[in-house]
Amino acid sequence: MIITNKDTVYSVVDMETTGTDINNGDQIIQFSVVFVQNGKVIDSYSTYVNNGEEIPQEITKLTGISEKTIKNAPTFDQLAPIIYKKLKNTVFVAHNVNFDFPFLNNSLEQVGYPTLDNDAIDTVTLSQIFFPTLTSYRLSHLSSYFHILHDHPHSSFSDAKATADLLLIIYNKINSLPIDTIKSILEINLDLPQQTNDFIKSIYQEKLSKNNNALLSDDLVNVEGLILRKHQIKLNNNQEIDKKFPKTKHQKQLLLENKFKWRESQSKMMNLIYRNYTDSQKTTDNLLIEAPTGSGKTLGYLLPMAFIAAKGKPVVISTATIALQEQLSQILKYEINDYFGFNLNTSILKGKNHYIDLSRFVNNLVVNDDNKLSQFIKAQILVWLTETTTGDLDELHLPTEAAILKQISYQSGKNNFDNEFGEYDFLEWQKKKLQVSDMIVVNHNYLFKNAKKIHENLNTNPYLIIDEAHRLADVAFDSQKQSLWLGTIKLYTGRIKNDVFQTHNKNLMDIFDDDISLNNELKKIMKKIDEVFEVNSKLLNQFQQNFMHHLSNEQHEIGLKTTKLNKYFENVHNDLKKQFKLNEQIKKLLNQINIKISKSVQKWTASDYKIFLQFNDHVNHINNFITKVQNIVNQINVSSDSEVFWLNYSDDMDVNNVYLSLARFDTSSNLNKKIYRYFEPVVFTGSVLFTSKKSQYIYDQLDLHRSNTRMKRLKNSFDYAKQSQIVISKETPTPENYENDEYVNYLANSIQKLFEESPQPTLVLFNSMNLIKAVYERLNGNDNSYAVLASGISGGQEKIIKRFEANPNSIILGSNAFWEGIDFPKHYLKSIIIPRIPFPAPNNPIVKARASYLKKKKKNPFTSYSLPQAIMDIKQGIGRLIRNKQDYGTITILDNRIITKKYGKQIMKAIDNGVAPEVGSIEKIAKKNIEFLKQHHQK
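S.K.: Whenever I open this one, the packing of helix 21 (residues 516-547) against helix 22 (residues 562-571) confuses me. Can you help?
M.R.: Helix-helix packing: each pair is described by the crossing angle between the helix axes and the interaxial distance. One way to put it is that helix 21 packs onto helix 22 with a least axis distance of 11 Å and a crossing angle of 145°. For helix 21 against helix 22, the interelement crossing comes out right-handed. Counting all contacts with helix 21, which are made through Leu539, Gln542, Phe543, Asn546 and Phe547, the residues of helix 22 involved are Lys564, Leu565 and Tyr568. The residue makeup of the contact of helix 21 with helix 22, split by class, is five nonpolar, two polar and one charged.

Right, dumping it as structure tokens:
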């Protein structure tokens, strides 16, 4: 057992080695230790080690240690007595102790020394638990975050010294926590490396021995056994309303000069927005502002709206993603408030599932679910709850696959405000905080679903800024999609029966055995579940006969005619009616069981309660599925031309592996009704909004009218003619099926030749996952000296970008997500290749249905949707390349339709930015790219 007192000595060790496997001959080449006692560094020791081994180049590159460096160093058998003596009777500490401690002990054994039997603790794990909101736990990142002096990462002495400083920071953090929080963490019985858990326990015992440590600090509160950060809110919103907006260029320059560059386009944007809402001589209109990359768009709308919000009416800012919400909140905090001197209250609003449900967490806390990750996350959350003011689980950066997230977040449809936590329920708190907020940051999905609720909670028509406005219509379309997995009832019926009747472990029938009432309720619910399964089997059999007899393996997605689906629902009306009735009965029975369980929760062991929670969750899955079916049946009865249904199915044609989806195309024409009516006239902005000066596309997409909307296209601040080069292939094969062998070979060979002639960090932008896979297989099958990273193959987007940044000699084959919103390091990306104009796939059932819908609206699907959407995608894709005035690079388009088709002129006019395109063979393109890049390399 570790004892933390003034006599305890911690030996903080770091080693550099030739590799990670001592059994494969890897050796220590540098050993360092820093000794810590009573909160101070008391001594240190460091030495190089030379056992005559070769040092791999990558190790030298990483550590700076070469064979020349260790030429005169002692061997490990000479050092072993010194190291053993220094470390004995200390607590061994390392940043990843399960590597350093065994490696050192194995090295000692190899030279005939006994292994160290010290207690050992791990600073990686401790950092993860007690600083749960950090994004990285690498020593270099932790050193940067805590301002630890760490001059030479991957030099063992510098690493050991940094780890020693980190240990003291961790100790102080644990010691500062409420004793009840530490106790709750220990009760989880975490499985931590070596004696790391004992280290936490020793600090707990130390605090316990001091009588004054049970008191909570003024900023914490104990609610239902959880230690939470006290809620603090400024109820009286006293803003400095005497702030004057800087109307002139000189005034703006004075305001911005210490931190921000002067941008003419940004100044115009600020004036346009401020005057729109404050000039009493003019009508307030919707504003549609295209602000290209480099124009300072974000500050261009935030600063004028800060002056306006300071006068009393709140501002809602909507952006496309949750990540962008976080960025905006940081700008509001550190730039608008701290730098410009405002005092604006800011709220971030997200969907319910992003927030922790404290009631569910408390119930889950007592259950050991035999999942190491879940148990570990519980400990992190206990620490986080003493810090968070929002309850937003995104602050923890947890892995999305963590099962516990679904177990502790809010469930849709649940009344979250009627619980034992009262105002400390985070959704209730969010509602209160919203009422005194000046700036409210949401995402488009949330805005589309909750605009009316925001308006009602604020009791006014707030201002609204929609950033990344071109994404709003697509987000609205996606947010109202409904999808049914037809195998849901089969899967969860099996899981429910396992919960109730399993023989390999304790089951729910055994647990309820001594409670006649619960036992009877359970039997009733199981009878109803069996009936649901039988009815569902009949429904699926009918569905298969109606819709799946003609399917093929060549397609995995097909459209369904609404009339045919409606007819099917009519034919199975009685079975559906029975299913819906059974569902209501199951809900009622499950609710009765929950009430009885909650009244006697103390009598259940943690493992028994865990089985019930599983059962409850599995039954809810069936309830939710049938409710979704009921919603779709009700919707189709009042269906319109705007609806589209489609099936996704697998190769085995099993109806249980089918997804049935529904969406509506009239969402964009409903934006005024769903959103705008609840706000003042709206500011729409984005880096790409227009496909031409007279484009109607964005007006249609955003449900706007020219009569009450002013449009402004701000000038570009980049010299695209000097910074970029556009080259177009003149010899593209254009087969009907552009994913055939001829076309795939053409693309793979072209990409390979262009890259090999001039190796540069290259992003290839596709709009087909099948094409990405086919090209990746061709490129990866070659014996390349460069890395090929592909969406859907090489990991998630974040992982691909990190690997790409770490290795400039690589290519990304990127899917739709890479066309916009991706920022690489400054001056990094040098080449973008667009294999094909990104028109929507004509065989896609949604594309077909949209075309049909537009035709019924007397619109040409190609000119009113497909072409302008492709132009905007190309402009967004090209925008990845030039992000500031120092960037440069080449844009290669491998689709000659851009020069042979009439619509190609429209595309080129939209993207030229003063850059005259070059046209030629792949060989000519490669030569042109080399010349262009060479000119810029020499500057």
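Having seen it, we continue.
S.K.: Just checking my understanding: could you explain the side chain of threonine 47 for this structure?
M.R.: Tracing the backbone through its elements, the reader meets threonine 47 in strand 3 (residues 40-48). Here threonine 47 falls in the buried class, since its relative accessible area comes to 11%. Ignoring anything within four residues of it in the chain, the contact list for threonine 47 reads Gln30, Phe31, Pro74 and Leu79.

S.K.: How should the sheet that holds strand 9 (residues 315-319) be read in this particular structure?
M.R.: The strands that make up a sheet pair up through hydrogen bonds in the backbone, lying either parallel or antiparallel. Within the open sheet, the seven strands sit side by side as 10-11-9-12-17-8-18. Their pairing is parallel. Two strands lie at the open edges of the sheet, namely strand 10 (346-348) and strand 18 (709-713), each paired on one side alone. Strand-to-strand, the axes of this sheet are offset by a mean angle of 15°, without reference to chain direction. As defined by bridge partners, strand 9 adjoins strand 11 (residues 439-443) across five bridges and the pair is classed as parallel. Of the residues in strand 11, the one forming a bridge with serine 318 is valine 442. Against the sheet, helix 10 (residues 264-278) touches strand 8 (286-290), strand 12 (463-466), strand 17 (683-686) and strand 18, its axis set at about 175° to strand 8.

S.K.: Help me out: how do you make sense of helix 16 (residues 426-434) in this one?
M.R.: Helical geometry note: an α-helix holds 3.6 residues per turn, so side chains three or four residues apart project in the same direction. Three or more residues of helix 16 are buried, namely Phe426, Leu427, Glu428, Trp429, Gln430 and Leu434. Elements in contact with the buried residues of helix 16: strand 10, helix 13 (358-365), strand 11 and helix 17 (444-458). In this structure aspartate 425 caps helix 16, since a side-chain oxygen of it lies 3.0 Å from the backbone nitrogen of leucine 427.

S.K.: Explain the pairing of strand 8 here, please?
M.R.: Successive side chains on a regular strand alternate, one facing one side of the sheet and the next facing the other. Along strand 8, five of the five residues are buried, which leaves the element largely enclosed by surrounding structure. What you see with strand 8 is no split at all: Asn286, Leu288 and Glu290 on one side and Leu287 and Ile289 on the other are buried throughout. As judged from the five bridges shared by strand 8 and strand 18, these two strands associate in the parallel manner. Each bridged residue has a counterpart across the sheet, and for asparagine 286 the counterpart in strand 18 is threonine 709. By the bridge criterion, four bridges tie strand 8 to strand 17 in an arrangement that is parallel. Looking at the pairing, leucine 287 lines up with valine 683 of strand 17.

S.K.: Is there a simple way to explain the packing of aromatic side chains in this structure?
M.R.: Each aromatic ring pair is characterised by the separation of its centres together with the angle its planes make. Counting across every chain of the model gives 31 aromatic pairs. Summarising the aromatic geometry, the rings of phenylalanine 131 and phenylalanine 146 are spaced 4.8 Å apart at their centres and angled 65° between planes, so their arrangement reads as edge-to-face. In this pair, phenylalanine 131 sits in the loop between helix 4 (123-130) and helix 5 (139-146) while phenylalanine 146 sits in helix 5, placing the two residues 15 residues apart along the sequence. The burial state of phenylalanine 131 is the same as that of phenylalanine 146; both residues are buried.

S.K.: Would you mind showing me how to read helix 11 (residues 297-309) here?
M.R.: The terminal C-alpha atoms of helix 11 lie 18 Å apart, and with 13 residues this matches the ideal 18 Å at 1.5 Å per residue to within 8%. Listed as buried for helix 11 are Lys297, Leu299, Gly300, Tyr301, Leu302, Leu303, Pro304, Met305, Ala306, Phe307, Ile308 and Ala309.

S.K.: Whenever I open this one, empty space enclosed by the protein confuses me. Can you help?
M.R.: One way to see where empty space is left: roll a probe the size of a water molecule over the atoms. One pass over the full model with this rule turns up four cavities of 30 Å³ or more. Around the largest cavity, the lining comprises 16 residues; the ones closest to its centre are Leu486, Leu539, Tyr568, Phe625 and Val629. Where the lining of the largest cavity is concerned, the elements lending two or more residues are helix 21, helix 22, helix 23 (573-599) and helix 24 (606-636). Split into classes, the residues belonging to the lining of the largest cavity amount to 14 nonpolar, two polar and no charged. What the second largest cavity holds in volume is close to 100 Å³. The set of elements that each furnish at least two residues to the lining of the second largest cavity consists of helix 28 (741-757), strand 23 (831-834), strand 24 (889-893) and helix 35 (922-937). Per element, the largest residue contribution to the lining of the second largest cavity is three residues, and it comes from helix 28. Classifying every residue of the lining of the second largest cavity by side-chain character gives five nonpolar, seven polar and no charged.

S.K.: Can you walk me through the pattern of salt bridges in this structure?
M.R.: A side chain of one charge can pair with a side chain of the opposite charge when the charged atoms of the two come close. Scanning the entire structure with this criterion turns up 29 salt bridges. For the salt bridge of glutamate 468 with lysine 297, the shortest nitrogen-to-oxygen distance reads 3.9 Å. Here the residue glutamate 468 occupies a position in the loop between strand 12 and helix 18 (472-479), and lysine 297 occupies one in helix 11, the gap between them amounting to 171 residues. Judged by relative accessible area, glutamate 468 falls into the buried class, the value being 15%. When its relative accessible area of 13% is taken as the criterion, lysine 297 is described as buried. Put simply, lysine 350 and glutamate 326 hold a salt bridge, and the shortest N to O gap is 2.7 Å. One end of the pair, lysine 350, is in the loop between strand 10 and helix 13; the other, glutamate 326, is in helix 12 (residues 322-337), with 24 residues separating them in the sequence. A relative accessible area of 2% means that lysine 350 is categorised as buried. By sharing partners, the salt bridges in this structure join Glu326, Lys350, Asp392 and Asp394 into a single network.

S.K.: What is the right way to read the sheet that holds strand 20 (residues 762-765) from this model?
M.R.: An order of 21-22-20-23-24-19-25 is seen for the seven strands of this open sheet, with the pairing classed as parallel. One side of each edge strand has no neighbouring strand; the edge strands of this open sheet are strand 21 (787-790) and strand 25 (918-920). When the angles between neighbouring strand axes are averaged without regard to direction, this sheet yields 20°. Looking at chain direction, strand 21 and strand 22 (residues 810-814) are connected through four bridges and run parallel. Each residue of the ladder has a partner; that of alanine 790, found in strand 22, is leucine 813.

S.K.: Would you mind going over the environment of tyrosine 424 with me for this structure?
M.R.: By secondary structure assignment, the location of tyrosine 424 is in the loop between helix 15 (404-408) and helix 16. With residues up to four places along the chain from it excluded, the contact list for tyrosine 424 reads Val221, Val223, Leu228, Arg229, Lys230, His231 and Leu358.

What counts and what doesn't
- Residues numbered from 1 in each chain as written.
- Predicted model: local features only at pLDDT ≥ 70, side-chain atom pairs only at ≥ 80, totals over all residues.
- Heavy atoms only, no water.
- Axes fitted to C-alpha atoms, helices over the stretch in contact; angles between N-to-C directions.
- Helix = DSSP H or I, 4+ residues; strand = E, 2+ residues; numbered from the N terminus.
- Left-handed = near helix turned anticlockwise from the far one by under 90°.
- Contact = heavy atoms within 4.5 Å.
- Nonpolar A, V, L, I, M, F, W, Y, C, P; charged D, E, K, R; others polar.
- Buried < 20%, exposed > 50% of the residue type's maximum accessible area, 1.4 Å probe, protein only.
- Pairing = 2+ DSSP bridges.
- Polar contact = N/O pair within 3.5 Å; in protein donor to acceptor, adjacent residues only side chain to side chain.
- Phe/Tyr/Trp six-rings, centres within 6.5 Å; stacked < 30°, edge-to-face > 60°.
- Expected span 1.5 Å × (residues − 1).
- 1 Å grid on protein atoms, 1.4 Å probe; cavity = no way out; pocket = protein on both sides within 12 Å on 5 of 7 lines; lining within 4 Å.
- Points joined across faces, edges and corners; volume = space filled by probe spheres on them.
- Salt bridge = Lys/Arg side-chain N within 4 Å of Asp/Glu carboxyl O.

Bear in mind that shape data such as this cannot, by itself, settle questions of function.
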